[in-house]
Structures are given as C-alpha cells and as structure tokens.
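Spelled out, the chains give:
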2 protein chains.
Amino acid sequence: MNRILLPALAVLLLVTGCVTAPKNTLMQVSTIDALLAGAYDGQMTLDELKEHGDLGIGTFDALEGEMIVIDGKVYQARTDGAVYEMPDQATTPFADVVHFDADHTELLCGPLSAEDLQEKIDQLKPNRNLFLAFRIDGTFSSMKVRSVPKQEKPYPPLADVVKHQAVFEYKDIQGTVLGFRSPAFVKGIGVPGYHLHFISKDRTTGGHVLGLCLNDAILQADTCNDFFLTLTDRDEFGTLDLSKDRSHELEKVEK
Amino acid sequence: MNRILLPALAVLLLVTGCVTAPKNTLMQVSTIDALLAGAYDGQMTLDELKEHGDLGIGTFDALEGEMIVIDGKVYQARTDGAVYEMPDQATTPFADVVHFDADHTELLCGPLSAEDLQEKIDQLKPNRNLFLAFRIDGTFSSMKVRSVPKQEKPYPPLADVVKHQAVFEYKDIQGTVLGFRSPAFVKGIGVPGYHLHFISKDRTTGGHVLGLCLNDAILQADTCNDFFLTLTDRDEFGTLDLSKDRSHELEKVEK
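This one's a predicted model, so the numbers in the text were calculated from it and none came from an experiment.

### As for the pattern of salt bridges
Tallying each qualifying case throughout the model produces 24 salt bridges over all chains. Measuring nitrogen to oxygen at the nearest pair gives 3.0 Å for the salt bridge that ties Arg128(B) to Asp122(B). Ionic pairing is found between Glu249(B) and Arg246(B), a salt bridge with its closest N-O pair at 3.6 Å. Take Glu249(B): its relative accessible area is 19%, and that puts it in the buried class. A residue is classified by how much of its surface remains accessible, and Arg246(B), at 8% relative accessible area, is buried. A single network of salt bridges, built from pairs that share partners, joins Asp71(A), Arg135(A), Asp137(A) and Arg203(A).

Have a look at this one:
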C-alpha cells in the first residue's frame, strides 16, 4: 500500500505545498521610502527571498551593493565593479522579486536608448495600472551602471550615499537588463515607473542602470496582477517618518 | 501501515495546505482610488474573499451597500437600513480582509467619541508604519452609520454617490465596530489612518461609521506586517487615471 500512498503523498504535497508568493505576484521587502530614510538593516534572508521569486532587484544588508536576481541566483554588484553570487544566509533590507513566467516575448532592434526602450515596452504593454516584470537579454553598445558602498551606523539617507556611488561604463557588452515597471499609485511604497538593473552575460559585472544603448535583444515580459508587501516589526522601521513625500529624494537616487 | 500514513497525510495537508493569505496579512481587492474613480464592477467572489480572511470591510458589485465581514460571514448593509448575509457567489469590487488573530485585548471604558477611540488605539498600538486590524465589541450610546445605493452604468464617481447616501442614527445599541488602521504610505492604494464599519449584535443593521459614542467595549487588535494587493486585468481598471491625487475626494467620501 505504501507504493500507492507514498507517491500520492508526494503529489499532494506538490499540489498543496505553500508557495509563499504565487505566479504573477510581485513580492516586495520593505518600502522604497524606508530605504531612502536609511533603513538598511537586512530583514529577510536570501533563502526566504528565493521562495518568493527567481527574478528581481534590490540591495543587501547595510546597503552593500546592487542586487540582481536572475534564474533563481542572487548576485551582488559591488563598488569594485565586480559581481558575486551571494550565500543563502545573506540578508536584504529591500528587494522586489517575482516567479518570472513571460506572457510576452519580442525581438528588439536597436539602437535604443533607455528612454526608447521604456517607450517600446509601454507600446507593447500599455496597461500602466498593473505591475510588469521583464528581462531583456542581448547586446548593448553602451551600458552605464552604478553601485553603492556598504554603510556604517548611524546610516545616512540614501540621497547622501549616492553622492559616493561607483559608476562604470562598458562598451559592446552582452548581458541582461531586468526589472519592473510599477503603477504610479505605488509612490511611497515602490518605484513608480521603471527600475532597471543589469548583469553581464558572463556574470562578472553589473549594477543599477543609469543609461544604456541597446543593439539587439529579446524582451520577455510578465504582467503581475498581485503585489505582496512584507514589512518588519522592528523599531527601526516603526519609528521612521514615512508620511512625507520623498519623490525628490527618489529622483536624485535613481538617476 | 495505512493507520500511520493516512493520519500523517492529513496532518501534512493541514500543515502545508495553501492558505492564500497567511495570518498577519491584510488582503485588499483593488485600490481605493479605483473605487473613487467609479470602478464598481465586482472582481472577486465572496467565496474567494473568505479564503483570504474572516474579518473585514468593503463594498459589493455596483457599489451596492457597505460590506462587513465578521466571524467568517459576509454582510451587506443596504440603504434600507437593514443588513443581509450575502451568498458566496456575490462579488466585490473593493474589500480589505484578514485572518483575524488578536495579539492585544483591552477593556475600553467610555464615553469615547470616534476620535477618542482612535487616540486610545494609537496609544496602545503606536507603530503607525504597520497595518492594524481590530474589532470592538460593546455598547454604544450613539452610532451614526451610512450606506450607499446600488449604481447604474455609466458609474458616477464615489464623491457624487455619497451625496445620496442613506444615514442612520441609533441610540444605546450593542454591536461591533471593526476595521483597519493603515500607514500613511498606502495613500492612493488604501485608506491612510482609520476605516471603520459597524454591525449590530443582532445582525439587523450596520454600515460605514460616520460617528459614535462608545460606552464600554472589548478591543481586540491584530498587527499585520504583510499587505497583499490583488488587481484585475480588465480594461475597466487598466484605463483608469490612477496617477492623480484623490485625497480630497477620499476625505469627502469618508466623513
């Protein structure tokens, strides 16, 4: 009887096993305004983060570098210009991930600037009131990325940190631009509009995208109807002033 | 061997069975700004809504009345002043629910106005950056509630609908005030601050709370670290302008 029951048990567990964030759900750790305010303490392990998605962006404990989650692996782009695969026990204070499952694929022919690229995606996916996850695998005639250095307590605001960011420019590089387009109404919680990170095909470099010129690439996009926000009950978060408008700070930090 | 495996299977299913929204998760259908803009078409059945929580507030398809979810039952407070338990196949365009599991209980002694009550909860639960669900079971020397009438297409904005709301005032009534306190940063998505609905103990009347005087009651509160937002991919939602600030409309509608 075990020969019937044990496989049945396995199948049932697969069917009913708790997927923390189901497909089409963008899962976010903390809020962008908390990050702008200096809430850099890691609050979720990468092990747990990966249960919520296999593609995404974010940062690490103490704001150490830019996070790129791709094909279920989590990479850290540091201020030395290099990229490191991170261990499961590392933590993140802010991240967005999704179980990526493209519902649209398109060949892109350049040259396309970052702005052109965003216009192109807006044409293909005009519903700005839902979340959109995407990855763009291809060659770029230029790619400008930045990373941010690890911070010491008391943490300065993010707008001050980016004054000391490390910027790298590459010519004729292969790799993946990935990220999200979020609705205007996430203001204060997430980044309205586009938020892009890059990782090279050989996984040696990457960062937060400041500018690019795309030659040719494949765009894969995944519309997300659901948004799951997870917050910490630590005092660090509870005592922040999250009522003020930090749009100007966000603009300084993103560009 | 079945005697061991079958109970083990049952236990495992209980442990791993997919709860769509886990405890401490506030689940919201659509955004308050979409509702303000007239997105009144039901998009989730009550059957599905109840999977996400057993306590909450909201409205129904075509904006027909105020929703009160209590002890796993969904009630509709209509403009005739009466309350009706709703069938599972009815739908909601906007709702907030939680699997209520109080982490704090407190006796409240009146007289307390709605403002006093909110101050009291703020003292007991000072972390305004997390979501708070609560229910207050007791006697009220006065209770002023409203409900909104079912709308016909093309739907008018909510600020116009409330001009024709039905208002009811009760003296010395027993019942439950329930609802949520949400962080300031949900502006545009949810209702920042307090959002309260009432249902009488005998389940005959209720509505959206406009004012109250509490005599004595038991407060139960449940802090929620997680927020799950579910959106529709229907054109009705996708084509709304959800980028503008509707705070003033919200204020008109709530008070």
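### Quick word on the pairing of strand 13 (residues 206-224) of chain B
Residues and elements named next belong to chain B. Of all the 19 residues making up strand 13, 14 are buried; the element is thus mostly covered by neighbouring parts of the structure. One ladder, built from 8 bridges, connects strand 9 (residues 104-113) with strand 13; its direction is antiparallel. Each residue of the ladder has a partner; that of Ser-113, found in strand 13, is Cys-213. With 15 bridges connecting them, strand 10 (residues 131-147) and strand 13 associate as antiparallel partners. Opposite Arg-135, over in strand 13, you have Gln-220 as the bridge partner. Sheet topology note: the strand 12 (residues 193-200)/strand 13 ladder contains 3 bridges and is antiparallel. Along strand 13, the bridge assignment pairs Ile-199 with Gly-206. Between the antiparallel neighbours strand 12 and strand 13 lie 5 residues, among them Arg-203 with a positive phi of about 55°.

### Concerning the environment of Ser182(A)
Residues and elements named next belong to chain A. The topology assignment puts Ser-182 in strand 11 (residues 166-182). For Ser-182, a relative accessible area of 9% translates into the label buried. On a C-alpha basis, the gap between Ser-182 and Asn-225 in space is 11 Å, while along the polypeptide they are 43 residues apart. Leave out the neighbours within four places in its chain, and Ser-182 touches Phe-131, Val-191, Pro-192 and Gly-193.

### Considerations on the packing of aromatic side chains
Tallied over the entire structure, the rule returns 11 aromatic pairs over all chains. Here the aromatic rings of Phe228(A) and Phe228(B) are separated by 6.0 Å at their centres, their planes lie at 55°, and the arrangement is tilted. Here Phe228(A) is found in strand 14 (residues 226-230), whereas its partner Phe228(B) is found in strand 14 (residues 226-230) on a different chain. Accessibility classification places Phe228(A) together with Phe228(B) in one group, the buried group. Look at Phe237(A) and Phe185(B): their rings are 6.5 Å apart centre to centre, the planes differ by 65°, and that puts the pair in the edge-to-face class. Of this pair, Phe237(A) sits in helix 6 (residues 235-238) while Phe185(B) sits in the loop between strand 11 (166-182) and strand 12, each in a different chain. Taken individually, Phe237(A) and Phe185(B) each receive the classification buried, so the pair is uniform in this respect. Arg78(A) extends its terminal NZ or CZ atom over the ring of Tyr84(A), reaching a point 3.6 Å from the ring centre.

### With respect to unusual backbone geometry
Residues and elements named next belong to chain A. Cis geometry marks the peptide bond from Gly-110 to Pro-111; its omega dihedral reads 5°. If you trace the backbone, Pro-111 turns up in strand 9 (residues 104-113). Even without being glycine, Ala-62 reaches a positive phi, approximately 65°. As for its position among the elements, Ala-62 is in the loop between strand 3 (55-59) and strand 4 (66-70).

### Quick notes on the nonpolar core
Ranked by internal contacts, the top residues of the largest apolar core, which has 56 residues, are Phe185(A), Phe237(A), Phe185(B) and Phe237(B). With near-sequence residues (within four places) excluded, Phe237(B) lies in contact with Asn129(A), Leu130(A), Phe185(A), Ser30(B), Thr31(B), Ala34(B), Leu231(B), Thr232(B) and Leu242(B). One finds Val29(A), Leu46(A), Met86(A) and Ala90(A) within the second-largest nonpolar core, a separate group that totals 28 residues.

### A closer look at the environment of Thr176(A)
All names here are of chain A. One can find Thr-176 in strand 11. Separated by 46 residues in sequence, Thr-176 and Leu-130 have C-alpha atoms that sit 23 Å apart. Excluding residues within four positions of it along the chain, Thr-176 makes contact with Ile-70, Arg-135, Ile-136, Asp-137, His-197, Phe-198 and Ile-199. Engagement of the side chain of Thr-176 in a polar contact is seen with the side chain of Asp-137, the distance being 2.6 Å.

### Overview of the pairing of strand 4 of chain A
Residues and elements named next belong to chain A. Most of strand 4 sits inside the fold, with 5 of its 5 residues counted as buried. Covered by surrounding structure in strand 4 are Glu-66, Ile-68 and Ile-70 together with Met-67 and Val-69, the residues of both alternating faces. Sheet analysis places strand 3 next to strand 4, joined by 4 bridges and oriented antiparallel. Its bridge partner being in strand 4, Ile-57 is matched across the sheet by Ile-68.

### Quick word on the environment of Phe228(B)
Phe228(B) sits in the buried class, given a relative accessible area of 6%. Distance in space between the C-alpha atoms of Phe228(B) and Leu26(B) is 6.1 Å, their sequence separation being 202 residues. When sequence neighbours within four positions are dropped, the list of residues in contact with Phe228(B) reads Thr25(A), Asp226(A), Phe227(A), Phe228(A), Thr25(B), Leu26(B), Met27(B), Gln28(B) and His52(B).

About the cut-offs
Residues numbered from 1 in each chain as written. Chains lettered and ligands numbered in written order. Predicted model: local features only at pLDDT ≥ 70, side-chain atom pairs only at ≥ 80, totals over all residues. Heavy atoms only, no water. Salt bridge = Lys/Arg side-chain N within 4 Å of Asp/Glu carboxyl O. Buried < 20%, exposed > 50% of the residue type's maximum accessible area, 1.4 Å probe, protein only. Helix = DSSP H or I, 4+ residues; strand = E, 2+ residues; numbered from the N terminus. Pairing = 2+ DSSP bridges. Contact = heavy atoms within 4.5 Å. Phe/Tyr/Trp six-rings, centres within 6.5 Å; stacked < 30°, edge-to-face > 60°. Lys NZ or Arg CZ within 6 Å of the ring centre and 35° of its normal. Core = buried A, V, L, I, M, F, W, Y, C linked by side-chain atoms within 4.5 Å. Polar contact = N/O pair within 3.5 Å; in protein donor to acceptor, adjacent residues only side chain to side chain.

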